Amino acid sequence: MQIGEVAERVKLSLRTIRHYEEVGLVPPSARSKGGFRLYTEADVQRLLLIRRMKPLGFTLEEMADVLDLLDGLSADATPADRDALLDRLTMYREAAGQRIDALREQLDVAVNFADKLQEHLDLHSSKRIRTEP
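Rules and cut-offs
Residues numbered from 1 in each chain as written. Predicted model: local features only at pLDDT ≥ 70, side-chain atom pairs only at ≥ 80, totals over all residues. Heavy atoms only, no water. Helix = DSSP H or I, 4+ residues; strand = E, 2+ residues; numbered from the N terminus. Contact = heavy atoms within 4.5 Å. Areas by Shrake-Rupley, 256 points an atom, 1.4 Å probe, with all protein chains shown as cover. Lys, Arg positive; Asp, Glu negative; His and termini not counted. Charge placed at Lys NZ, Arg CZ, Asp CG, Glu CD. Polar contact = N/O pair within 3.5 Å; in protein donor to acceptor, adjacent residues only side chain to side chain. Phe/Tyr/Trp six-rings, centres within 6.5 Å; stacked < 30°, edge-to-face > 60°. Buried < 20%, exposed > 50% of the residue type's maximum accessible area, 1.4 Å probe, protein only. Lys NZ or Arg CZ within 6 Å of the ring centre and 35° of its normal. Axes fitted to C-alpha atoms, helices over the stretch in contact; angles between N-to-C directions. Parallel < 35°, antiparallel > 145°, perpendicular 65-115°, else oblique. Left-handed = near helix turned anticlockwise from the far one by under 90°. Nonpolar A, V, L, I, M, F, W, Y, C, P; charged D, E, K, R; others polar. Salt bridge = Lys/Arg side-chain N within 4 Å of Asp/Glu carboxyl O.

Asker: Any chance you could explain the overall build of the protein chain here in plain terms?
Answerer: If you tally the helices and strands in the protein chain, you get 5 helices and 2 strands. Going from the N terminus to the C terminus, the protein chain shows its helices and strands as α-α-β-β-α-α-α. Along the first, second and third principal axes, the C-alpha atoms of the protein chain reach 75 × 45 × 20 Å. Look at the contacts in the protein chain between residues 6 or more apart in sequence, and 47% of them connect residues 24 or more apart. Summed over all atoms, the accessible surface of the protein chain reaches about 9600 Å², with 55% contributed by carbon and sulfur. Of the charged side chains in the protein chain, 20 are positive and 23 negative, and the gap between their average positions amounts to 7 Å.

Asker: I tried to follow the side chain of D43 on my own but got confused; where do I start?
Answerer: Checked against the element boundaries, D43 lands in helix α3 (residues 41-53). For D43, the side chain forms a polar contact with the side chain of S29, separated by 2.5 Å. Those residues in contact with D43, other than ones at most four positions away along the chain, are V26, P27, P28, S29 and L38.

Asker: For this particular structure, what's the right way to read the packing of aromatic side chains?
Answerer: In this description, a pair of aromatic rings is defined by centroid distance and the angle of the planes. What the rule picks out here adds up to 1 aromatic pair. A ring pair is formed by F58 and Y92, whose centres lie 6.1 Å apart and whose planes are at 55°; its orientation type is tilted. Here the residue F58 occupies a position in the loop between α3 and α4 (60-74), and Y92 occupies one in helix α5 (residues 79-125), the gap between them amounting to 34 residues. Given the relative accessible area of 9%, F58 is considered buried. Cation over ring: R99 sits above F58, and NZ or CZ is 4.2 Å from the ring centre.

Asker: Please clarify how the packing of α3 against α4 should be interpreted in this entry.
Answerer: Each pair of packed helices gets described by two things: the angle between the helix axes and the distance between those axes. Close contact between α3 and α4 brings their axes to 11 Å; oriented N to C, the two are set at 135°. Our classification of the angle between α3 and α4 gives oblique. As α3 runs across α4, the sense of the crossing is right-handed. Facing R46, L49, I50 and M53 of α3, the residues of α4 in contact are M63, V66, L67, L70 and D71. Within the contact of α3 with α4, the residues separate by chemical class into 7 nonpolar, no polar and 2 charged.

Asker: Looking at this structure, I do not really get the pattern of salt bridges. What am I missing?
Answerer: Opposite charge on two side chains makes pairing possible when the charged atoms of those side chains draw close. A complete count under the given rule lists 8 salt bridges for this structure. Residue R9 pairs with E41 through a salt bridge whose shortest N-O separation is 2.8 Å. Of this pair, R9 sits in helix α1 (residues 3-10) while E41 sits in helix α3, placing them 32 residues apart in sequence. Residue classification places E41 among the partly exposed residues on the basis of a relative accessible area of 36%. In this structure, R37 and E21 form a salt bridge, with 2.4 Å as the shortest nitrogen-oxygen distance. Placement of the pair is R37 in strand β2 (residues 37-38) and E21 in helix α2 (residues 14-22), with a sequence separation of 16 residues. Judged by relative accessible area, which is 18%, E21 ranks as buried.

This is the structure:
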């Protein structure tokens, strides 16, 4: 797939995908004869994973580490290496859970604010002077 199709599928801008290439997160799997970036389904899945990490505030370095961990788990790792990879991945899962909890708290505050505004609208709208045409 070319970058435009990938961008549409993963709902990221071309600029963002190119940036991820520049920092080494998701380089294209190949280039066409004309030099166009070509991506595989595996590349698309990596970009989708990155997109899921973004709202949780993971840094580019953390994203790269998670991708490396997943690559390592997919490779033929020794049992000891596999255990170490799983321990690190567990750390990221726990961090994700904590960040989700913080986002839920922020959402609760935002919903409460919107509800208060609606209360004021309801209260003051009933006091509005209505003029007949």
